[in-house]
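Geometric and topological summary
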Amino acid sequence: MIGYTTLGVSDMDAAKTFYAELFASKGAKIVTDMGRIAFISTGRGQPMLAVCEPYDKQPPTSGNGTMVAFVADSKEEVDAIYARAIELGATDDGAPGQRIPDRFYGAYVRDADNNKLCFFVFG
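Here is a short report on the structure shown in this document.

What counts and how
Residues numbered from 1 in each chain as written. Predicted model: local features only at pLDDT ≥ 70, side-chain atom pairs only at ≥ 80, totals over all residues. Heavy atoms only, no water. Helix = DSSP H or I, 4+ residues; strand = E, 2+ residues; numbered from the N terminus. Buried < 20%, exposed > 50% of the residue type's maximum accessible area, 1.4 Å probe, protein only. Contact = heavy atoms within 4.5 Å. 1 Å grid on protein atoms, 1.4 Å probe; cavity = no way out; pocket = protein on both sides within 12 Å on 5 of 7 lines; lining within 4 Å. Points joined across faces, edges and corners; volume = space filled by probe spheres on them. Nonpolar A, V, L, I, M, F, W, Y, C, P; charged D, E, K, R; others polar. Pairing = 2+ DSSP bridges.

1. Concerning the environment of Ala 90
Positionally, Ala 90 belongs in the loop between α2 (75-87) and β6 (91-100). Its relative accessible area of 7% is what places Ala 90 among the buried residues. Placed 74 residues apart in sequence, Ala 90 and Lys 16 show a C-alpha to C-alpha distance of 14 Å. With residues up to four places along the chain from it excluded, the contact list for Ala 90 reads Phe 18, Ala 85, Val 109 and Arg 110.

Structure representation (structure tokens):
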């Protein structure tokens, strides 16, 4: 159902590098780059993550309660993506762990613009 999600950023080059490298292990890459906005995806017809400079030219802000969640294939992949995000400069907002017994395993970080991200797997 989701075509793409957009995150406002203050440094396009840094954001493109962060997200393309963060999800490179899943085969993601920049599929469209129009200067002010770039789309990262694993392929045609797949959901995309867009990073952009806000259209109104105001500083990007993260919404209170807003978060983008990325599905992983396993708990080990959650751990690996979380570690990669930290290596790429994200800050910890909740280390990997079982949040709901036998149902939800997740990890949380904030990117350079304070956007909250979750990496998760059900189980």
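Here the narrative resumes.
2. With respect to the side chain of Glu 77
One can find Glu 77 in helix α2. In this structure, Glu 77 is in contact with Lys 26 and Ala 72, ignoring residues within four places of it in sequence.

3. Overview of the layout of surface pockets
Approximately 510 Å³ is the volume found for the largest pocket. If you trace the largest pocket, you find 18 residues lining it, with Pro 47, Met 48, Ala 69, Phe 70 and Val 71 closest to the centre. Broken down by secondary-structure element, the contributors of at least two residues to the lining of the largest pocket are β3 (37-41), β4 (48-52) and β5 (68-71). The element that contributes the greatest number of residues to the lining of the largest pocket is β5, accounting for four residues. Grouping the constituent residues of the lining of the largest pocket by class yields 13 nonpolar, four polar and one charged. A volume near 160 Å³ is recorded for the second largest pocket. Classifying every residue of the lining of the second largest pocket gives seven nonpolar, two polar and three charged.

4. A few points about the pairing of strand β7 (residues 104-110)
Across the seven residues that make up β7, a large majority, seven, are buried. Burial along β7 is two-sided: Phe 104, Gly 106, Tyr 108 and Arg 110 and Tyr 105, Ala 107 and Val 109, pointing in opposite directions, are all buried. From the end of β6 to the start of β7, which pair antiparallel, there are three residues, and Asp 102 there has a positive phi angle of about 60 degrees. Bridging between β7 and strand β8 (residues 116-122) involves seven bridges; their strand directions are antiparallel. Bridge pairing in β8 places Val 109 opposite Leu 117. Taken together, β7 and the strand that follows it, β8, pair antiparallel across an intervening segment of five residues, in which Asn 114 is found at a positive phi of about 75 degrees.

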